[in-house]
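Spelled out from the first residue to the last, the chains are:
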Amino acid sequence: HYLLFKYDDKNSNLFHELVTRSQGDNREAIEEAQRKLDAVQEAFDEASRTAAAAAASLQEAQSREADAKAREAEAHASAEAAKAREVEAQKSAAELAAREADLKAAQAEV
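## Examining the overall build of the protein
Moving on, step 1. Along the backbone of the protein there are three helices and zero strands.
Moving on, step 2. Reading the protein from its N end, one meets helices and strands in the order α-α-α.
Moving on, step 3. When burial is assessed residue by residue, the protein has 1% of its 110 residues classed as buried.
Moving on, step 4. Working note: accessible area of the protein is about 10,100 Å², and carbon and sulfur atoms make up 56% of it.

## Looking at the confidence of the model for the protein
Moving on, step 1. For the protein, the average pLDDT comes to 87, and 79% of its residues sit at 70 or higher.
Moving on, step 2. Per-element averaging of pLDDT across the protein places helix α1 (residues 2-7) at the bottom with 57 and helix α3 (residues 27-109) at the top with 95.

## Considerations on the pattern of salt bridges
Moving on, step 1. For the structure on display, the rule yields five salt bridges.
Moving on, step 2. A salt bridge links glutamate 46 to arginine 49; the shortest N-O distance between them is 2.7 Å. Separated by three residues within a single helix, glutamate 46 and arginine 49 lie in helix α3, roughly one turn from each other.
Moving on, step 3. Between glutamate 60 and arginine 64 there is a salt bridge, and its shortest N-O distance comes to 2.7 Å. In this pair, glutamate 60 and arginine 64 are both assigned in helix α3, four residues apart and thus about one turn of the helix distant.
Moving on, step 4. In this structure glutamate 60 comes out as partly exposed when scored by relative accessible area, which is 42%.
Moving on, step 5. For arginine 64, a relative accessible area of 58% corresponds to the exposed category.

Each value, and the rule that gives it
Residues numbered from 1 in each chain as written. Predicted model: local features only at pLDDT ≥ 70, side-chain atom pairs only at ≥ 80, totals over all residues. Heavy atoms only, no water. Helix = DSSP H or I, 4+ residues; strand = E, 2+ residues; numbered from the N terminus. Buried < 20%, exposed > 50% of the residue type's maximum accessible area, 1.4 Å probe, protein only. Areas by Shrake-Rupley, 256 points an atom, 1.4 Å probe, with all protein chains shown as cover. pLDDT = per-residue confidence, 0-100. Salt bridge = Lys/Arg side-chain N within 4 Å of Asp/Glu carboxyl O.

Set out below in structure tokens:
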């Protein structure tokens with residue numbers, strides 16, 4: 001490098017040209033690098049599509065889960081209401097049986 005600066009009076013930018021000038025034909029290397037870059041970009045796009053599909057599936061699954069939980073809560077509430085009606089029916093049946101017994105006792109006295 002020192003010699004370029006010291007002995008080249010014709011071209012003051014010789015060192016700069018030497019450093020920045022293309023060294024041979026590297027078209028094949030550039031094309032190969034471009035193919036690799038395209039492959040990576042395609043893989044990235046595919047991964048993005050897959051991730052978007054997975055996110056949509058997750059959203060749908062969470063929605064279905066929320067619906068199922070709501071239906072389950074409704075079923076539990078309905079079951080509790082049915083149990084309450086059953087208890088009322090049993091009380092009514094017990095009262096009816098007691099009235100029937102009173103009626104039979106009254107008829108027996110007559």
